[in-house]
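In case you want the letters, here they are:
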Protein chains: 2
Amino acid sequence: MTETPHPLYAKHADTLAKALTAITERGYWSAYPESPSPRVYGETAAAEGEAAFRSYLDADFPLDQPGTRDRVATEASPFGLPLGVRYPHADPDELMAAATAALPAWRDAGPQTRLGVCLEILARLHANVFELANAVHATSGQAFVMAFQAGGAHALDRALEALAYAYAEMTRHPGTAEWEKPAGKGDPLRMTKTFHVVPRGVALVVGCNTFPTWNSYPGLFASLATGNPVVVKPHPRAVLPLAITVRYAREVLAEAGFDPNLVLLAAEAPDEGLASTLALRSEVRIVDFTGSTEYGDWLEANARQAVVYTEKAGVNAIVVDSTDDFAGMCRNIGFSLTLYSGQMCTTPQNILVPADGISTDQGHKSFDEVAAGIAGSVAKLTGDPARAVEFTGAIVNEGVLARLDEVAGLGEVVLASRAIEHPTYEQAVVRTPTIVKLGADAAQTYGREWFGPISFVIATDSTDHSLRIFRDTVGERGALTAAVYAADEKVLDAAEAAAVDAGVHLSCNLTGGVFVNQSAAFSDFHASGANPAANAALTDGAYVASRFRIVQSRRHTA
Amino acid sequence: MTETPHPLYAKHADTLAKALTAITERGYWSAYPESPSPRVYGETAAAEGEAAFRSYLDADFPLDQPGTRDRVATEASPFGLPLGVRYPHADPDELMAAATAALPAWRDAGPQTRLGVCLEILARLHANVFELANAVHATSGQAFVMAFQAGGAHALDRALEALAYAYAEMTRHPGTAEWEKPAGKGDPLRMTKTFHVVPRGVALVVGCNTFPTWNSYPGLFASLATGNPVVVKPHPRAVLPLAITVRYAREVLAEAGFDPNLVLLAAEAPDEGLASTLALRSEVRIVDFTGSTEYGDWLEANARQAVVYTEKAGVNAIVVDSTDDFAGMCRNIGFSLTLYSGQMCTTPQNILVPADGISTDQGHKSFDEVAAGIAGSVAKLTGDPARAVEFTGAIVNEGVLARLDEVAGLGEVVLASRAIEHPTYEQAVVRTPTIVKLGADAAQTYGREWFGPISFVIATDSTDHSLRIFRDTVGERGALTAAVYAADEKVLDAAEAAAVDAGVHLSCNLTGGVFVNQSAAFSDFHASGANPAANAALTDGAYVASRFRIVQSRRHTA
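This is a predicted model, so every value here is computed, not measured.

**Description of the overall build of chain A**
Of the regular secondary structure elements, chain A holds 18 helices and 22 strands. For 558 residues, the compact-globule formula gives about 24 Å, and the C-alpha radius of gyration of chain A, at 25 Å, lands near that figure. In terms of overall dimensions, chain A has a C-alpha envelope of 80 × 70 × 45 Å along the principal axes. In chain A, buried positions account for 63% of the 558 residues. Taking contacts inside chain A between residues at least 6 apart in sequence as the whole, the part at least 24 apart equals 75%. Distance from the positive charge centre (43 side chains) to the negative charge centre (64 side chains) of chain A: 7 Å.

This is the structure we're talking about:
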């Protein structure tokens, strides 16, 4: 059980040190450049990545893992891209047996070696980030640049952030300590103590369709770094990004002399319900999930042998009280609604505006003028189809389309959703955002999540009333994000107090290049764990601390 | 929400700094002297503390808290001491309302102020440690010196340890951070971020009869320091130590300008089941419990709105392979079995010895000779009643007596339990330990906990066999402690590997003044959370990290 760190630890020690500093300071830092520009990544990277992506299509995915019964191909690209990738379909018993067998050597390798290997996996994924971005783009419906950023660079940053927390937590105590207790006139009592980091068991990561990498990487790498083998169960419509991830992880593990079965893919057949099967296995001691409230709640209630981290649905809100930059406010909100057609768990849904309007740098604006200002911003961003799709991407599933149909009849439509033809992908399903006016009494509508490009501008009696609705809806249904626009410090403070009470992160007066639906790794926390939308934050101490235990031994000092 | 630390923070900053260093190094450190000697505490402290204790007897306990319906007196001292203390019996609705109302100001006071106040509470308790020790002694049945140490000084050390972890966790990020992201040729994006520590809600502490303070303090202070109001539900037979704790906590809180309802006593009437009533309240978001496996499992399964920390029962084991200090081994094990008549959650129960004996510094010792050696050590410690009771204390409840009766018929009795007359307390119920020989096939007996002065010496085929039984029983039923005696490093390593697999802390070759059933605050972890005996350790990062959340706000930098 002696830990001689693997050379990969030294190779990546500088990156780790910087990440450890970043999580302590929580200012700006990033390890993986977010620009896909050839000036950053080289002239050939984009083409090579795309070619690597294409090589997977209509073929058996190259993954040599145990227990493969047959192959499954379940993906359907929102862009209509033909995929046809056939993944190994594994026997759960064999997956569990393989993961369990891989644990002891990985546990005994110690924190430094595990970090070295995990950081090498991130380096390998980064070296293939265009391949990964193409896979995220094709399966999630994100526009390419967003897929590169959110699904590539930012996902790697979040993974690194989780690794830094995991390392800090595992090493906050020394591996051994000398204990010397005075004993009156006699010799002191002397004991040598050894503290072992012991993983919980097998970790299960259940991926989602919209952010297959960004939402999965923190849990995956936090569990792996703390010694737990990880079984990755991707969403059936977004398998490729995680299959690529598992492939490179296994490659690095094997090269470093470890059992590649420390990371396994659990692709499923349609309607197989594999996540539930795996989540209830006694070997599974950690579950990370992103997706619906219904299923997240089910996991929390039923996977009782495991510690379960969930990110679920919520009703994100913006409280509009006043602004000294009306144009900037409308632009900023409009962009947030348009990005990825509102299919982010962080997209604002409920925009709470006093019915008698607000004061702005352009004078008083009526409720309708505020609604029109935001709608105009969205309309402008989506006016030109070729430009629009670079923001909106494509619609991820039929449910979104059904909600778009349904919502049109529930209030006065300020901005109608439009179908857009994608200039490149003929089969792509693209929809622009809709904005619907509601009264404050329509809580049965705005009080639940309408996932997709659907937002409500809600007429309230006053900003106080808006804050009450904000507290109530977030308290009941949760939220991942909140924003406030107010020119008055007192209103900002009241909004901040409401956000603290409701347990949701708040963005104030965003009018420039920072958007409420975007969080920056190493600085912004994503989700809080303090409201029903999630039971944990990405990424903090609580997110990693329970993924392992300390088991100590003590002996008289020789 | 600005945090100007209360002056109490500066007053105790040095103690906090030392505790923070101690939890990082995990060597020897203690803040509260464990010797009740007048040379340490002054000539009058003992008498004053006893007088203070006596002033509570046959009287209404002085606690001015809301919702008192009537009074309850439920204690019965194992020493037969008449107590008759009448505690306020509160309405749960009013307790919850009072605790909830106290939360916001305490939350907004910030980590430093909360730590200052919590450390002042510890100082106040320490100033009254003899009073506390008398209360622990009278209600738990611990001998006085043990009550002073485990129930006073060591409990305060564990509380301070929990406070240090809580503070470290709350302050691992700054309260505010500046974020400046380069934006090509334009001005960088600049945001100022504020990170609020937000408590989960009301915390419930459910105390036990045997260690009313030691087992309750870590959860109580970890929750309070992280901003949660705490409702303390003592065991009906050990109310006084926690009533005194609540009294001084409320006194300090009020003096510091906070709502004393941040700490409330929830004494219960017989058979009221108040813990269950409180644990299921929606306001309760944290539960700390020490006690039976059955009830701990119930809490984990049912108090789903809360994060639940449990310490339950286990089957602690000693693997005896060989020793180069046979006399020291027998003395050390014998003392562990005798202390507090085996009524510690850490007392060894199963002593696994090869049937064909062991090699020692005194030559080969047969299985019977090993059993006789340990029995002889216990017999020597308990031979003189006046001396014996200073180790054994008294028997905490009828269940222990019933088990003593039952076990005598289950195997060959190596050492019979004896009733002893207490030289001071005529009514005291005192029993010396029994040791019973069992075969390895008697797992239906030794495979479950026999709480009390009951241990088994179990004949195994070999040390390998002993280690298999050790893994199986600890894996199935859990354990809080384990020990091994072996002269061979390879056997020690094998035992350490088994302990890591089973997730239990291991003591090796204890022959001197350190005992397997004692753990030192700031150095030894108590429980691991890695086996069924407990779902958390006292005290580590995981124990505090989920007691609060971070809620952030961000604004463009002015």
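**Some thoughts on the interface of chain B and chain A**
At the interface, 76 residues of chain B touch 77 residues of chain A. Both faces considered, chain B and chain A share a buried interface measuring about 6100 Å² in area, 51% of it formed by carbon and sulfur atoms. Summed over the shared surface of chain B and chain A, the result is 16 salt bridges. As a salt-bridge pair, Arg172(B) and Glu169(A) come within 3.0 Å of each other at their nearest N and O atoms. Tallied by class, the residues present in the side of chain B that touches chain A amount to 33 nonpolar, 23 polar and 20 charged. Bridge analysis of strand β21 (residues 506–508) of chain A against strand β22 (residues 548–556) of chain B gives three bridges, and the strand direction is parallel. From the neighbouring strand, Leu506(A) faces β22(B), where its bridge partner is Ser553(B).

**What about the domain arrangement of chain A?**
Residue and element names in this part refer to chain A. With domains assigned, chain A is organised as domain 1 (34–176 + 190–312 + 537–556) and domain 2 (317–508). The straight-line distance from the C-alpha centre of domain 1 to that of domain 2 is 33 Å. Of the roughly 1300 Å² buried where domain 1 meets domain 2, counting both sides, 64% is carbon and sulfur surface. The three residues of domain 1 that bury the most area against domain 2 are Pro78, Phe79 and Met146, which together make up 33% of that side's buried surface. In this assembly, domain 1 and domain 2 are joined by zero salt bridges.

**Observations regarding the side chain of Thr460(A)**
Residues and elements named next belong to chain A. If you trace the backbone, Thr460 turns up in strand β19 (residues 454–460). Judged by relative accessible area, which is 1%, Thr460 ranks as buried. A polar contact of 3.0 Å, which involves the side chain of Thr460, links it to the backbone oxygen of Ser462. Among the polar contacts made by the side chain of Thr460, one reaches the side chain of Ser466 at a distance of 2.8 Å. Those residues in contact with Thr460 that sit more than four places away from it in its chain are Leu352, Val353, Pro354, Ala355, Ala440, His465, Ser466 and Ile469.

**A word on helix α4 (residues 92–127) of chain B**
Helix length check: α4(B), at 36 residues, gives a terminal C-alpha distance of 31 Å against a target of 52 Å (1.5 Å per residue), a shortfall beyond 12%. The largest bend in α4(B) amounts to roughly 110 degrees and is located at Gly110(B), with the proline Pro111(B) lying one to four residues further along.

**Here's the deal with the relation of the copies chain B and chain A**
Under the fitted operation, chain B is carried onto chain A by 0.0 Å of movement along the axis and a turn of 180 degrees, and the coordinates agree to an RMSD of 0.0 Å. Taken together, the rotation and translation describe the operation of a two-fold axis. In this assembly the copies share their binding face: 100% of the residues contributing to the interface of chain B also contribute to that of chain A.

**A few points about the packing of aromatic side chains**
With the rule as written, the count across this model stands at 42 aromatic pairs over all chains. Taking the centre distance of 5.3 Å and the plane angle of 70 degrees together, the rings of Phe289(A) and Tyr295(A) count as edge-to-face. With relative accessibility at 21%, the residue Tyr295(A) sits in the partly exposed group. Where Phe211(B) meets Tyr340(B), the ring centres are 5.7 Å apart and the plane angle is 85 degrees; that geometry is what we call edge-to-face. Within this pair, whereas Phe211(B) is found in the loop between β5 (202–206) and α7 (217–225), its partner Tyr340(B) is found in the loop between α11 (326–338) and β12 (350–354), the two being separated by 129 residues in sequence. The cationic tip of Arg26(B) hangs over the ring face of Phe525(B); the distance from NZ or CZ to the ring centre is 3.8 Å. The ring of Tyr543(B) has Arg547(B) sitting right over it, with the charged end atom 4.4 Å from the ring centre.

**Notes on the sheet that holds strand β20 (residues 482–485) of chain A**
One open sheet accounts for ten strands, arranged β15(A)-β18(A)-β19(A)-β12(A)-β10(A)-β20(A)-β21(A)-β22(B)-β4(B)-β3(B); its pairing is mixed. Lying at the two open borders of the sheet, with one neighbouring strand each, are β15 (412–415) of chain A together with β3 (176–181) of chain B. Neighbour-to-neighbour, the strand axes of the sheet open up by a mean angle of 25 degrees, direction not taken into account. Note: strand β10 (residues 317–320) of chain A against β20(A), four bridges, orientation parallel. In the sheet register, Ile318(A) faces β20(A), and the bridge partner there is Ala483(A). Here helix α17 (residues 489–502) of chain A sits on the sheet and contacts β20 and β21 of chain A together with β4 (189–199) and β22 of chain B; the angle it forms with β22(B), its principal contact strand, is near 155 degrees.

**Regarding the sheet that holds strand β9 (residues 307–311) of chain B**
Residue and element names in this part refer to chain B. As summarised here, the arrangement of the five strands in space is β7-β6-β5-β8-β9, forming an open sheet in which the pairing is parallel. The sheet is open, and its two edges are formed by β7 (263–265) and β9, each paired on a single side. Recorded for the sheet is a direction-independent mean angle of 15 degrees between the axes of neighbouring strands. Note that strand β6 (residues 230–233) and β7 share three bridges and pair parallel. Each bridged residue has a counterpart across the sheet, and for Val230 the counterpart in β7 is Val263.

**As for the nonpolar core**
Proteins that are soluble and globular tend to have nonpolar side chains buried together. Among the nonpolar cores identified, the biggest contains 222 residues, and Tyr87(A), Phe221(A), Tyr87(B) and Phe221(B) are the most heavily contacted of them. In terms of residue count, the dominant contributor to this core is helix α6 (residues 144–170) of chain B (15 residues). For Phe221(A), the contacting residues outside a window of four places in its chain are Cys118(A), Ile121(A), Leu122(A), Leu125(A), Ala159(A) and Leu163(A). In terms of nonpolar packing, the next biggest core, distinct from the first, is built from 31 residues, Ile458(A), Phe470(A), Ala479(A) and Ala499(A) among them.

**Focus on the packing of helix α11 (residues 326–338) of chain A against helix α12 (residues 367–381) of chain A**
Residue and element names in this part refer to chain A. Relative to each other, α11 and α12 sit at 55 degrees, their axes nearing to 8 Å. The angle between α11 and α12 falls in the class oblique. When you trace α11 past α12, the crossing you get is right-handed. Contacts between α11 and α12 involve Phe326, Met329, Cys330, Arg331, Ile333, Gly334, Phe335, Leu337 and Thr338 on the former and, on the latter, Glu369, Val370, Gly373, Ile374, Ser377, Val378 and Leu381. Grouping the constituent residues of the contact of α11 with α12 by class yields ten nonpolar, four polar and two charged.

**Describing the UniProt feature "domain: Aldehyde dehydrogenase" (unreviewed entry) in chain A**
UniProt's feature table lists "domain: Aldehyde dehydrogenase" (unreviewed entry) at residues 90–504 of chain A, given in the numbering used throughout. As annotated, residues 90–504 of chain A has a helix share of 47% and a strand share of 20%, and its two end C-alpha atoms lie 39 Å apart.

**As for the pairing of β9(B)**
Regular strands place their side chains on alternate faces of the sheet. Residues and elements named next belong to chain B. Counting buried positions along β9 gives five out of five residues, so the element sits mostly inside the fold. Here β9 shows two buried faces, one formed by Val307, Tyr309 and Glu311 and the other by Val308 and Thr310. The parallel pair strand β8 (residues 284–290) and β9 is bridged by helix α10 (residues 293–302), and the resulting crossover is right-handed.

**A closer look at the packing of helix α1 (residues 7–25) of chain B against α4(B)**
Two quantities define a packed helix pair, namely the angle between the helix axes and the distance between the axes. Residue and element names in this part refer to chain B. Interhelical geometry of α1 versus α4 gives an angle of 75 degrees and a closest axis separation of 8 Å. In terms of their interaxial angle, α1 and α4 are classed as roughly perpendicular. In this structure, α1 uses Leu8, Tyr9, Lys11, His12, Thr15 and Leu16 to contact α4, whose residues at the interface are Gln112, Leu115, Gly116, Val117, Leu119, Glu120 and Ala123.

**With respect to unusual backbone geometry**
Following Leu538(A), the chain continues to Thr539(A) via a peptide bond in cis, the omega torsion being -5 degrees. Along the chain, the position of Thr539(A) falls in the loop between β21 and α18 (541–545). Even without glycine at this site, Arg26(B) takes up a positive phi of about 50 degrees. In this structure, Arg26(B) sits in the loop between α1 and α2 (38–41). Despite not being glycine, Ser341(B) shows a phi value in the positive range, around 45 degrees. Locating Ser341(B) in the fold gives a position in the loop between α11 and β12. By relative accessible area, which is 0% here, Ser341(B) ends up buried.

Conventions adopted
Residues numbered from 1 in each chain as written. Chains lettered and ligands numbered in written order. Predicted model: local features only at pLDDT ≥ 70, side-chain atom pairs only at ≥ 80, totals over all residues. Heavy atoms only, no water. Helix = DSSP H or I, 4+ residues; strand = E, 2+ residues; numbered from the N terminus. Rg over C-alpha atoms; globule rule 2.2 N^0.38 Å. Buried < 20%, exposed > 50% of the residue type's maximum accessible area, 1.4 Å probe, protein only. Contact = heavy atoms within 4.5 Å. Lys, Arg positive; Asp, Glu negative; His and termini not counted. Charge placed at Lys NZ, Arg CZ, Asp CG, Glu CD. Buried area = accessible area lost by both parts, 1.4 Å probe. Salt bridge = Lys/Arg side-chain N within 4 Å of Asp/Glu carboxyl O. Nonpolar A, V, L, I, M, F, W, Y, C, P; charged D, E, K, R; others polar. Pairing = 2+ DSSP bridges. Domains from an automatic or database assignment. Polar contact = N/O pair within 3.5 Å; in protein donor to acceptor, adjacent residues only side chain to side chain. Expected span 1.5 Å × (residues − 1). Bend = angle between axes of the 7 residues up to and from the residue. Least-squares fit on C-alpha atoms with pLDDT ≥ 70 in both. Phe/Tyr/Trp six-rings, centres within 6.5 Å; stacked < 30°, edge-to-face > 60°. Lys NZ or Arg CZ within 6 Å of the ring centre and 35° of its normal. Axes fitted to C-alpha atoms, helices over the stretch in contact; angles between N-to-C directions. Core = buried A, V, L, I, M, F, W, Y, C linked by side-chain atoms within 4.5 Å. Parallel < 35°, antiparallel > 145°, perpendicular 65-115°, else oblique. Left-handed = near helix turned anticlockwise from the far one by under 90°. UniProt positions renumbered as here; feature names shortened; annotations may be inferred. Right-handed = clockwise from strand over helix to strand, strands pointing away.

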